[in-house]
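Summary of the model geometry
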Amino acid sequence: AQTVTQSQPEMSVQEAETVTLSCTYDTSESDYYLFWYKQPPSRQMILVIRQEAYKQQNATENRFSVNFQKAAKSFSLKISDSQLGDAAMYFCAYRSAPANTGNQFYFGTGTSLTVIP
Amino acid sequence: EADIYQTPRYLVIGTGKKITLECSQTMGHDKMYWYQQDPGMELHLIHYSYGVNSTEKGDLSSESTVSRIRTEHFPLTLESARPSHTSQYLCASSDRIGNTIYFGEGSWLTVV
């Protein structure tokens, strides 16, 4: 099975500053999807951003962007202009492609982000 | 937000009780999942389903069981709850392509 590693259990950032959350993964596959999910306290987990491995261009969604380094198997999330509402647990996830019936999502252990006013 | 719903959101029950956690999605997704997550910890896949009448155990062994009689419904049952079952249970679904997974709000179970 693939493994996803988030080496930063906790991170903090000043409001309006930029923070980068790290994620590495281990796979022998060439085609796959990578995700960052956000889970606010006691709230629903939601998708932040998604990256297809075959795309060289890094995905961006407003203040959220990724640095996808396929050779290094690294997939970091950059949050710019951090806001208080960004405080949450962030999970990195991996999924194989194409979407065979046996393919599952693999999640990292999460990084708890605190935003300091 | 995605149309996937879980009930109850919060539940406290006594040891030995039977409990069913409900999960429904209105997106017509074929694939559904149950994850177990302790507070601030990683997600563990305990059950998944490819479609109606299909259920599989996940990576983490669980004493719970699931059923998939209808596409939109994927309940999880504990026949005899124990304190070790205290956790958050997250239901999720994805479409046939399966590129993105959508989560419910979670069910917090406490067994006393």
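For the structure itself, look to the data block above.
A brief report on the enclosed structure follows. (Residues numbered from 1 in each chain as written. Chains lettered and ligands numbered in written order. Predicted model: local features only at pLDDT ≥ 70, side-chain atom pairs only at ≥ 80, totals over all residues. Heavy atoms only, no water.)

Quick notes on the pairing of strand E12 (residues 111-116) of chain A
Residues and elements named next belong to chain A. Only one face of E12 is buried: it carries Thr 111, Leu 113 and Val 115, and the other face, with Ser 112, Thr 114 and Ile 116, is open. Bridge count between strand E2 (residues 10-14) and E12: five bridges; the pairing is parallel. What sits directly across from Met 11, in E12, is Leu 113. Inspection of the sheet shows strand E10 (residues 88-96) paired to E12 by three bridges, in the antiparallel sense. (Buried < 20%, exposed > 50% of the residue type's maximum accessible area, 1.4 Å probe, protein only. Helix = DSSP H or I, 4+ residues; strand = E, 2+ residues; numbered from the N terminus. Pairing = 2+ DSSP bridges.)

Some thoughts on the environment of Lys 17 of chain B
All names here are of chain B. Mapped onto the elements, Lys 17 comes out in the loop between strand E2 (10-13) and strand E3 (19-25). Between the C-alpha atoms of Lys 17 and Val 111, which are 94 residues apart in sequence, the distance is 8.9 Å. Lys 17 has contacts with Leu 78, Glu 79, Ser 80 and Ala 81, leaving out every residue within four places of it along the chain. (Contact = heavy atoms within 4.5 Å.)

Re the interface of chain B and chain A
On the chain A side, the residues contacting the 29 residues of chain B number 23 residues. Interface of chain B and chain A: buried area, both sides summed, is about 2,100 Å²; carbon and sulfur atoms make up 50% of it. Among the residues of chain B in contact with chain A, Leu 43, Asn 99 and Phe 103 of chain B are the three that bury the most area, contributing 24% of the side total. Put simply, chain B and chain A have zero salt bridges between them. Where chain B meets chain A, there are four residue pairs in polar contact (both at pLDDT 80 or more). Contributing elements (two or more residues each) for the side of chain B that touches chain A: strand E4 (31-37), strand E5 (43-49) and strand E9 (87-94) of chain B. (Buried area = accessible area lost by both parts, 1.4 Å probe. Salt bridge = Lys/Arg side-chain N within 4 Å of Asp/Glu carboxyl O. Polar contact = N/O pair within 3.5 Å; in protein donor to acceptor, adjacent residues only side chain to side chain.)

Section: the nonpolar core
The biggest cluster of nonpolar side chains holds 26 residues, and the ones touching the most others in it are Tyr 25, Trp 36, Phe 75, Leu 77 and Tyr 90 of chain A. Put simply, the parts of the chain that give this core at least two residues each are strand E3 (19-21), strand E5 (32-39), strand E6 (46-52), strand E8 (64-69), strand E9 (74-79), E10 and E12 of chain A. Here this core takes four residues from E10 of chain A, the largest share from any one element. If near-sequence neighbours (up to four positions away) are discounted, Phe 75 of chain A is found in contact with Leu 21, Cys 23, Tyr 25, Leu 34, Phe 35, Trp 36, Gln 51, Val 66, Asn 67, Phe 68 and Cys 92 of chain A. Met 45, Phe 91 and Ala 93 of chain A together with Tyr 35 of chain B belong to the second-largest nonpolar core, a separate cluster that totals 19 residues. (Core = buried A, V, L, I, M, F, W, Y, C linked by side-chain atoms within 4.5 Å.)

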